[in-house]
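Coordinate analysis (summary)
So you can see what is in the structure, the chains are spelled out below.
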Amino acid sequence: MATIPGKSDSPTWPSPASAWYAAIILMLANTLAFVDRQALALLVQPIKNDLQISDTAMSLLYGLSFTLFYVAVGIPVARLADRSSRRNIVALSVFVWSAMTALCGFARSFPLLFAARVGVGAGEGGLSPSAYSLLADYFPKNRLPAAMGVYQMGIYLGGACALLIGGLISTVVPPGEEVVLPLLGAVKGWHIVFLALGIPGLLLSALILTVREPARQGTAGEAPKVPIPQFLSHIGGRKRAYFGIALGFALMIFVGNGTGAWIPAFLERKFGWTTAEIGASYGLIVFFCGTSGALAGGFFASWLRGRGHERANLHTALIGFCVLIPVTIGFPLMPSAGAALVLIGVMNFFAGFNFGGGLAALQELTPNRMRALLSAMYLLTINIIGAALGPTAVALITDFWFGDPQRLPEALAVTCAIASPLSVLALLIGIRGYSDAQTVQEQM
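Treat the numbers as computed from the prediction; the structure is a model and nothing was measured.

1. Description of the packing of helix H6 (residues 127-138) against helix H7 (residues 144-172)
In the contact formed by H6 and H7, the axes pass within 10 Å of each other and the chain directions differ by 150°. Put simply, H6 runs roughly antiparallel to H7. You can see that H6 and H7 cross each other, and the crossing is right-handed. Seen from H6, the contacting residues are Leu127, Ser128, Ala131, Tyr132, Leu135 and Ala136; seen from H7, they are Leu144, Ala147, Met148, Tyr151 and Gln152. A breakdown of the residues in the contact of H6 with H7 according to their chemical character gives 9 nonpolar, 2 polar and no charged.

Structure representation (structure tokens):
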């Protein structure tokens, strides 16, 4: 254990080696979570054709099905994580959602695929609240944004892996083509993608058990379980900070999920790209731009914080939020695939840039025994608004406003033109509330 000078309230921290090992293993778990999510976006057209469903039905598979049990499981599991082994919860979560992803490969109808996606959401509901809490006990405040940035790299690594692996499989077995496998019988190419993506998680769940459960910082004399009225009182005293940060990030993720779910279909419908072409080109963009953005934002916020800038975490996020306004509106309207992909790359960089600081700010505001529950409520907000409504909003505009699937680019632009500016306004409210909360803490 290493001693951190000047931290009398929490004088010891795990060694840097064990802390970064934990961050990397948790990042791998987050990567796997987003592999399972993004695979569905790549396979929109073949699944639509095979199951004979609309854009709106596909959006429910991507958003609502995942969110239903993510929401139902997230808060009870977070309460458990605030008083028990967070490491074990993460390991079990990875095992469950990986098994359910593999089950997607057995679905032959919309209800069965919807039910399997509900199971994926149930498993993933236990990951991030536990992971955020673990990282806050592994890293002091000046290094926590960088650690959160590394963890959030998983979003982009996972999305890229899903696109690249899915695209590679599609070159061998086209998603809509039927093949006969031993024991399984006749399956489509898209079934094989889900089966292949479910296997690695079963192995990763065992690797997670090599991460040590760290001591909870600053919990001397605290009850092992915080009463709900005490939790609500804490939130109420800082409601503007929590509300603004959560809503701002929820709207940003509304844009991110709304675009991410439909970019493969956008490239196919507007430019005539194949699934393999989309997987190769878009996958590389997500890999390089998203991961570099998450790393750059996290380490930039840590650097600013280390130089005494108390608002560094949220001011870093504000930079990314502002850049995203013109970029998200502009990419669907580009006349060429190359120009659209350049803006998509910029969008991925600055979306990733925001996370490390924003997540670190939430952990700083929250006492240790409340962190997993607070994180679950934050994730509840961003998943209802972002994961469930983002893809569906785009689909509803396409199906019912324009009434034409080929008008998907305009639907994407309209969605972003409304939500991106609102995300900046919400974050500004959160920054003001965060500043007020820090002033109160300094006076205590």
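2. Examining the confidence of the model for the chain
Summarising the model, the chain shows a mean pLDDT of 85, and 93% of its residues fall at 70 or more. With pLDDT under 50 throughout, residues 1-10 is counted as low confidence; its partners more than four residues away or in other chains account for 14 contacts.

3. Comments concerning the environment of Arg86
For Arg86, the location among the structural elements is in helix H4 (residues 86-104). In this structure, the C-alpha to C-alpha distance between Arg86 and Leu134, residues 48 residues apart in sequence, is 6.9 Å. Contacts of Arg86, omitting those with residues within four sequence positions, involve Ala81, Ser130, Ser133, Leu134, Asp137, Glu213, Pro214 and Arg216. Among the polar contacts listed, one links the side chain of Arg86 to the side chain of Ser133, at a separation of 2.9 Å. From its side chain, Arg86 meets the backbone oxygen of Pro214 in a polar contact 3.3 Å long.

4. A few points about a nonpolar patch on the surface
A contiguous nonpolar patch, built from Tyr21, Ile24, Leu28 and Leu207 and spanning about 310 Å² of accessible area, is present on the exposed surface. Per-element accounting of the nonpolar patch gives the leading share, 3 residues, to helix H1 (residues 16-42). Within the element layout of this structure, Tyr21 appears in helix H1. With relative accessibility at 35%, the residue Tyr21 sits in the partly exposed group.

5. Some remarks on the pairing of strand E3 (residues 178-181)
Judged from the 4 bridges that link them, E3 and strand E4 (residues 185-188) form a sheet pairing that is antiparallel. Bridge pairing in E4 places Val179 opposite Val187. Linkage of E3 to E4, two consecutive antiparallel strands, is achieved through a turn of 3 residues, within which Leu183 is found at a positive phi near 75°.

6. Considering empty space enclosed by the protein
The final tally for this structure, using the stated rule, is 6 cavities of 30 Å³ or more. The element contributing the most residues to the lining of the largest cavity is helix H10 (residues 239-271), with 8 residues.

7. Quick look at unusual backbone geometry
Although it is not a glycine, Gln52 adopts a positive phi angle of roughly 55°. The residue Gln52 is located in the loop between helix H2 (44-51) and helix H3 (55-81) in this model.

8. Digging into the pattern of salt bridges
For side chains of opposite charge, pairing can occur when their charged atoms come near one another. Applying the stated rule across the entire model yields 10 salt bridges. Each member of the salt-bridge network shares a partner with another, and the members are Arg86, Asp137, Glu213 and Arg371.

9. Section: the nonpolar core
Membership of the largest hydrophobic core comes to 128 residues, with the highest contact counts inside it found for Ile47, Phe249, Trp262 and Tyr378. At 15 residues, H1 tops the list of elements feeding residues into this core. Listed in part, the 6 residues of the second largest apolar core include Val77, Ala81, Ile89 and Ala372.

10. Concerning the layout of surface pockets
Quantified by volume, the second largest pocket comes out at close to 210 Å³. Every residue along the wall of the second largest pocket is listed here: Ile235, Lys239, Tyr242, Phe243, Ala246, Leu247, Leu362, Leu374, Met377, Tyr378 and Thr381. Put simply, the parts of the chain that give the lining of the second largest pocket at least two residues each are H10 and helix H15 (371-402). Ranked by the residues each element gives to the lining of the second largest pocket, the list is headed by H10, at 5 residues.

11. Observations regarding the packing of aromatic side chains
For the structure on display, the rule yields 16 aromatic pairs. Within the aromatic cluster, the residues linked to one another by ring pairs are Phe300, Trp303, Phe349, Phe350 and Phe353.

12. Quick word on the side chain of Arg371
Mapping Arg371 onto the fold places it in helix H15. The buried category is assigned to Arg371, whose relative accessible area is 14%. A polar contact of 3.4 Å, which involves the side chain of Arg371, links it to the backbone oxygen of Gln363. For Arg371, the side chain forms a polar contact with the main-chain oxygen of Thr366, separated by 3.1 Å. Among residues more than four places away in sequence, those in contact with Arg371 are Asp82, Ser133, Ala136, Asp137, Gln363 and Thr366.

Rules used in this analysis
- Residues numbered from 1 in each chain as written.
- Predicted model: local features only at pLDDT ≥ 70, side-chain atom pairs only at ≥ 80, totals over all residues.
- Heavy atoms only, no water.
- Axes fitted to C-alpha atoms, helices over the stretch in contact; angles between N-to-C directions.
- Helix = DSSP H or I, 4+ residues; strand = E, 2+ residues; numbered from the N terminus.
- Parallel < 35°, antiparallel > 145°, perpendicular 65-115°, else oblique.
- Left-handed = near helix turned anticlockwise from the far one by under 90°.
- Contact = heavy atoms within 4.5 Å.
- Nonpolar A, V, L, I, M, F, W, Y, C, P; charged D, E, K, R; others polar.
- pLDDT = per-residue confidence, 0-100.
- Polar contact = N/O pair within 3.5 Å; in protein donor to acceptor, adjacent residues only side chain to side chain.
- Patch = residues over 30% accessible without salt bridge, like charges linked within 9 Å, V, L, I, M, F, W, Y side chains within 5 Å.
- Areas by Shrake-Rupley, 256 points an atom, 1.4 Å probe, with all protein chains shown as cover.
- Salt bridge = Lys/Arg side-chain N within 4 Å of Asp/Glu carboxyl O.
- Buried < 20%, exposed > 50% of the residue type's maximum accessible area, 1.4 Å probe, protein only.
- Pairing = 2+ DSSP bridges.
- 1 Å grid on protein atoms, 1.4 Å probe; cavity = no way out; pocket = protein on both sides within 12 Å on 5 of 7 lines; lining within 4 Å.
- Points joined across faces, edges and corners; volume = space filled by probe spheres on them.
- Core = buried A, V, L, I, M, F, W, Y, C linked by side-chain atoms within 4.5 Å.
- Phe/Tyr/Trp six-rings, centres within 6.5 Å; stacked < 30°, edge-to-face > 60°.

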